[in-house]
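# Observations on the model geometry
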Amino acid sequence: MQMHKVPSPGYDISEILENCGSVQGQKPHVNQSENADQEIDQTTFITDNQCITESLNDCENSVSLQQMECNYVDKLVDTVNVKIDKLNLKLLYPTDRGHFNEDISDSLKRSILLFGSCKPSIEFEKDDKNRSFSLSYYNMITKTGLKIPRSWLCYSVILNKAYCESCWLFANRNNSNYRSEWISGIGDWQHLSYLITRHEKSLQHIEATTVKGTWLKNSTIDKSIEQNLSKEAEYWRNILHRIIKVISTLTAGNTALRGNEGKKGDKSEQLEGNFMRTIRLLADFDPLLNELLNDPTKHIKYLSWKVQNELIEILSEIYVILYVKK
């Protein structure tokens, strides 16, 4: 009977791995063989160890999980800032049409929608006929006196033109009836009221506005896929969190994880060790473990003896790092 002993320094190592997993945003890869033995890809945990080591090096006097968590949050914030940095927030009007080309990336479209439309309230530049854009164009007045905002209508300070943000971002360029004047910008202030009314009724504008509404509701295909991947990654992080908790608890008391697995008892039932018995006990009360054990579609469970050994080895290495730094 093989005994495994992992020292307990007083740190919850499962929380450390969970934090590293949240930065990686991926579940560990598993190599499947014909015997259906699951092995965790070392690359994932090597990355986790590197992540922990970097955080530990930042701590001058003590190892604090709170400090490490702050480091991870900072990394996430930096990642977000890199994406948002495509939108120059130092500018007075970052979403002004004059800053961009006609065709822009999807990530930049999302940034523009999140920041808001370019609707400056300034003294607008006049043309040679002493005409200019007016704040009144931002709203439509019905016959009953109701004021309805035109969310699509924007004004470019750089171009000194009015433009349709919906058509700029989401108009179908492949449509045979595609027209670009409201994307490039309109500067005919004398006939602007008529041009606005005509554009609002155009098929191109109606379709683009519909697509924009879909994006604002975060119901695009890319967003749906992203949410599914995040949900899957979170599921496996929670599973590994429970498995590591069980291993840490059993080994802390010098309890063997395994015994005579694979051998048959008198009743022709396969014997299980303490690890699997504990997992099955928790599954009676934990919905995640219950789903993992009883869902026939989940062939990968991370419960094999090989996975246990790899987790023990990884935990031991991390404990050594914590002790040395402490």
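All residue numbers refer to positions counted from 1 along the written sequence of the respective chain. pLDDT decides what is reported in this predicted model: residues at 70 or higher carry local features, side-chain atom pairs at 80 or more are listed and counted, and totals for whole chains, interfaces and linings draw on all residues regardless. Side-chain metrics rest on all non-hydrogen atoms present in the structure, leaving aside hydrogens and water.

## Section: the overall build of the chain
Regarding its fold elements, the chain presents 12 helices and 6 strands. Under the scheme applied here, a residue whose accessible area is under 20% of the maximum for its type counts as buried, over 50% as exposed, and between as partly exposed, the area being computed with a 1.4 Å probe on protein chains only. The proportion of buried residues among the 326 residues of the chain is 38%. In this analysis, two residues are considered to be in contact whenever any of their non-hydrogen atoms come within 4.5 Å of each other. Sequence-distant contacts in the chain: of pairs separated by 6 or more residues, those separated by 24 or more amount to 64%. Areas reported here follow the Shrake-Rupley algorithm with a probe of radius 1.4 Å; residue values treat only the protein chains shown as occluding. As displayed, the chain has an accessible area near 19,600 Å², and 50% of this comes from carbon and sulfur atoms. By definition, any uninterrupted DSSP run of H or I lasting at least four residues is a helix, any uninterrupted run of E lasting at least two residues is a strand, and each is numbered from the N terminus.

## Remarks on the side chain of Lys301
When you line up the elements, Lys301 lands in the loop between helix H11 (287–294) and helix H12 (305–325). Just so you know, the count uses Lys and Arg for positive and Asp and Glu for negative, and it drops His and the chain ends. Criterion for a salt bridge: a side-chain nitrogen of Lys or Arg within 4 Å of a carboxyl oxygen of Asp or Glu. Of the side chains bearing the opposite charge, Asp295 lies closest to the buried Lys301, which forms no salt bridge; the N-O distance is 7.2 Å. Two N or O atoms form a polar contact when they lie within 3.5 Å of each other; inside protein one atom must be a possible hydrogen donor and the other a possible acceptor, and for residues adjacent in sequence the pair counts only when both atoms belong to side chains. Reaching out from Lys301, the side chain makes a polar contact with the backbone oxygen of Leu292 at a distance of 2.5 Å.

## Focus on unusual backbone geometry
Positioned with a positive phi, Asn160 is a non-glycine residue whose angle comes to about 55 degrees. Tracing the backbone through its elements, the reader meets Asn160 in the loop between strand E5 (153–156) and strand E6 (161–164). Accessibility expressed as a relative area gives 15% for Asn160, which makes it buried. Although it is not a glycine, Asn254 sits at a positive phi angle of roughly 60 degrees. Take Asn254: its relative accessible area is 45%, and that puts it in the partly exposed class.

## Some points on the confidence of the model for the chain
Think of pLDDT as the predictor's per-residue confidence, scored from 0 to 100. On average, residues of the chain score 76 in pLDDT, and 68% of them reach the 70 mark or higher. Taken as a whole, residues 1–11 scores under 50 in pLDDT and shows 28 contacts with residues more than four places along the chain or in a different chain. Between residues 58–85, whose pLDDT stays under 50, and residues either more than four places distant or in other chains, the model counts 29 contacts.

## Some words on the packing of helix H4 (residues 106–115) against helix H8 (residues 203–216)
All axes here are fitted lines through C-alpha atoms, helices being fitted over the stretch that makes contact, and every angle between N-to-C directions spans 0 to 180 degrees. Across the interface, H4 lies against H8 with an axial gap of 11 Å and an inter-helix angle of 80 degrees. For the element pair H4 / H8, the angle class is roughly perpendicular. Within the contact between the two elements, H4 uses Asp106, Lys109, Arg110 and Leu113 and H8 uses Lys212, Trp215 and Leu216. For this classification, Asp, Glu, Lys and Arg are treated as charged, while Ala, Val, Leu, Ile, Met, Phe, Trp, Tyr, Cys and Pro are nonpolar and the rest, including Gly, are polar. Grouping the amino acids of the contact of H4 with H8 by side-chain chemistry returns 3 nonpolar, no polar and 4 charged. Angle categories: roughly parallel below 35 degrees, roughly antiparallel above 145, roughly perpendicular from 65 to 115, and oblique for all the rest.

## What to know about the nonpolar core
By size, the foremost hydrophobic cluster in this structure holds 32 residues, and its most contacted members are Ile112, Phe133, Leu153, Trp168, Trp182 and Leu192. Elements represented by at least two residues in this core include exactly H4, E5, E6, helix H5 (165–170), helix H6 (181–184), helix H7 (192–200) and H8. Considering every element that reaches this core, the biggest residue donor is H5, with 4 residues. Ranked by size, the runner-up nonpolar core spans 28 residues in total, among them Leu292, Tyr302, Ile312 and Leu322. As used here, the term nonpolar core means buried Ala, Val, Leu, Ile, Met, Phe, Trp, Tyr and Cys residues forming a set that is joined through side-chain atoms within 4.5 Å.

## Observations regarding the environment of Cys164
Its location among the elements puts Cys164 in strand E6. Between the alpha carbons of Cys164 and Ser180 there is a distance of 9.9 Å; along the sequence they are 16 residues apart. The residues touching Cys164, leaving out its near neighbours within four places in the chain, are Trp152, Trp182, His199 and His205.

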